[in-house]
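What follows is each chain in one-letter form.
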Amino acid sequence: MAESYLTLTNKVLARLNEVQLTSSNFTNARGIQVQAQNAVNESVRYINQKEFQYPFNHSTKTETLVPGTVRYSIPTTAKTVDYNTFRIVKDSDLGSSGGRLYVLNYNDYINSYITQEDEITTTNLDGSLTDSATTITVNSTTGFSSSGTLHIANEQVTYTGTTSTTFTGATRGANSPTASAHDSGVSVAQFERGGIPQSVIRTPDNNYILYPYPTKSFSIKYDYFSFPSDMTAHGDTTTIPDRFAPIIADGATAFVYQYRGETAQYQLNMERFEQGIKNMQTLLVNRFEYVRSTYIPRTGYSNTADIPLRLSLIHI
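About the cut-offs
Residues numbered from 1 in each chain as written. Predicted model: local features only at pLDDT ≥ 70, side-chain atom pairs only at ≥ 80, totals over all residues. Heavy atoms only, no water. Pairing = 2+ DSSP bridges. Helix = DSSP H or I, 4+ residues; strand = E, 2+ residues; numbered from the N terminus. Expected span 1.5 Å × (residues − 1). Buried < 20%, exposed > 50% of the residue type's maximum accessible area, 1.4 Å probe, protein only. Contact = heavy atoms within 4.5 Å. Salt bridge = Lys/Arg side-chain N within 4 Å of Asp/Glu carboxyl O. Core = buried A, V, L, I, M, F, W, Y, C linked by side-chain atoms within 4.5 Å.

Peer 1: Go over the sheet that holds strand 5 (residues 102–103), please, and point to the residues and values.
Peer 2: Each strand in a sheet pairs with its neighbour through backbone hydrogen bonds, running either in the same direction (parallel) or in the opposite one (antiparallel). Pairing in this open sheet of 4 strands is mixed, and the strands run 2-14-13-5 from one edge to the other. Of all strands in the sheet, those bounded by a partner on one side alone are strand 2 (71–72) and strand 5.

What follows is the structure in structure tokens.
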């Protein structure tokens, strides 16, 4: 049975010899009971802040790219993103063979490739679009050519004229892609280059850029570690495995004593809490390296000192 917000709070109250809560009166807690509830969340936050890469906070994000869109946001719950894990998903229909994206430094991108962002004009559909409509209503056509080609998801559309908010004389499913219906708000882009992204760039605001920008709705995947939200309802659970519940209780008990100003009890429980976190890190995160020789013995050497030695670092 998973350790819930209620059971964790009651573990703390039991250590303090205080009246425990039930699912019925959990939201009506008062005094020391509220302190215990707050301390449980504080303990969980403290554990998660002490280590960025706990395996129980690992997630994989799949992002469907938007043609002509350069910049993307990471999940709001992400604590840290492993940019070395960015990869394009194989999709034969879109012509993507898959593969890893290379990490490019942001300053190098600014110096060499940022002009790609000046090549793209975008707007959004103002209303839904059927697969046969020949007039496309958008928020604005400012910056678009008087005639040309549009990219809406994986569909290409040619048009012969514009008004301030419409593209007219549209030919749907131009240049091979099939015509499709699209929802209101979908991006409409015009560009001439782009391609299958090859590089990912971390931005100063901790989001990311793709180079070159996508020409189709390719999918990318990447790994990240999240920072979970606080528990609020009595049945909420934490991502921390149940076997570490005593560590959460140690931390929460320490924080309650801190609230009360009981310094000696706080220090005693905090020391045990910190040691518990170190044990968690050793069990779940730390990696050890060892050296193994991988040379292949060859004949023809007159002296063993002439045999090349190749060493590899192996991670376990």
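There is more to say after this.
Peer 1: Could you give an account of helix 4 (residues 245–260), with specific residues and numbers?
Peer 2: Since there are 3.6 residues in each turn of an α-helix, residues three or four apart along the chain are aligned in direction. A rise of 1.5 Å per residue sets the reference length of helix 4, with its 16 residues, at 22 Å; its end C-alpha atoms lie 23 Å apart and thus fit the reference within 8%. Summarising burial for helix 4: 12 of the 16 residues are buried, a large majority. Along helix 4, the positions that sit buried rather than exposed are Ala 245, Ile 247, Ile 248, Ala 249, Asp 250, Gly 251, Ala 252, Thr 253, Ala 254, Phe 255, Val 256 and Tyr 257. In the core, the buried residues of helix 4 are packed alongside helix 1 (5–15), helix 2 (32–49) and helix 5 (263–284). Where helix 4 ends, the next residue or the one after it, Gly 261, has phi of about 80 degrees, a positive value.

Peer 1: Requested: an account of unusual backbone geometry, with residues and values cited.
Peer 2: Residue Pro 212 is reached from Tyr 211 by a cis peptide bond, and omega for that bond is -10 degrees. With respect to the helices and strands, the residue Pro 212 is situated in the loop between strand 14 (208–211) and strand 15 (219–226). Positive phi is not limited to glycine here, since Asn 17 has a value of about 60 degrees. Here Asn 17 lies in the loop between helix 1 and helix 2. The phi dihedral of Asn 206 is positive, around 65 degrees, even though this residue is not glycine. You can see Asn 206 is positioned in the loop between strand 13 (199–202) and strand 14. Given the relative accessible area of 23%, Asn 206 is considered partly exposed.

Peer 1: Hey, could you go over the pattern of salt bridges for me, with residue numbers and the actual values?
Peer 2: Summed over all chains, the structure comprises 11 salt bridges. In this structure, Arg 71 engages Glu 117 in a salt bridge whose closest nitrogen and oxygen atoms are separated by 3.2 Å. Residue Arg 71 is located in strand 2, and its partner Glu 117 is located in the loop between helix 3 (106–112) and strand 6 (121–124); the two are separated by 46 residues in the primary sequence. Here Glu 155 makes a salt bridge to Arg 172, at a shortest N to O gap of 2.8 Å. Of the two residues, Glu 155 is situated in strand 9 (residues 155–159) and Arg 172 in the loop between strand 11 (166–168) and strand 12 (187–190); the sequence distance between them amounts to 17 residues. Exposure remark for Arg 172: the relative accessible area of 13% places this residue in the buried category. One continuous salt-bridge network, built from bridges that share partners, spans Arg 15, Asp 250 and Arg 272.

Peer 1: Break down the nonpolar core for me, citing the residues and quoting the values.
Peer 2: Formed by 34 residues in total, the largest nonpolar core has its most connected members in Val 40, Ile 47, Tyr 54, Ile 240 and Met 280. For this core, the secondary-structure elements that each account for two or more residues are helix 1, helix 2, helix 4 and helix 5. Per element, the largest residue contribution to this core is 8 residues, and it comes from helix 4. The residues touching Met 280, leaving out its near neighbours within four places in the chain, are Ile 47, Tyr 54, Phe 56, Ile 240, Phe 244, Ile 247 and Val 285. Membership of the second largest hydrophobic core comes to 17 residues, among which are Leu 65, Ile 88, Leu 94 and Leu 210.

Just distances and angles here, no functional claims.
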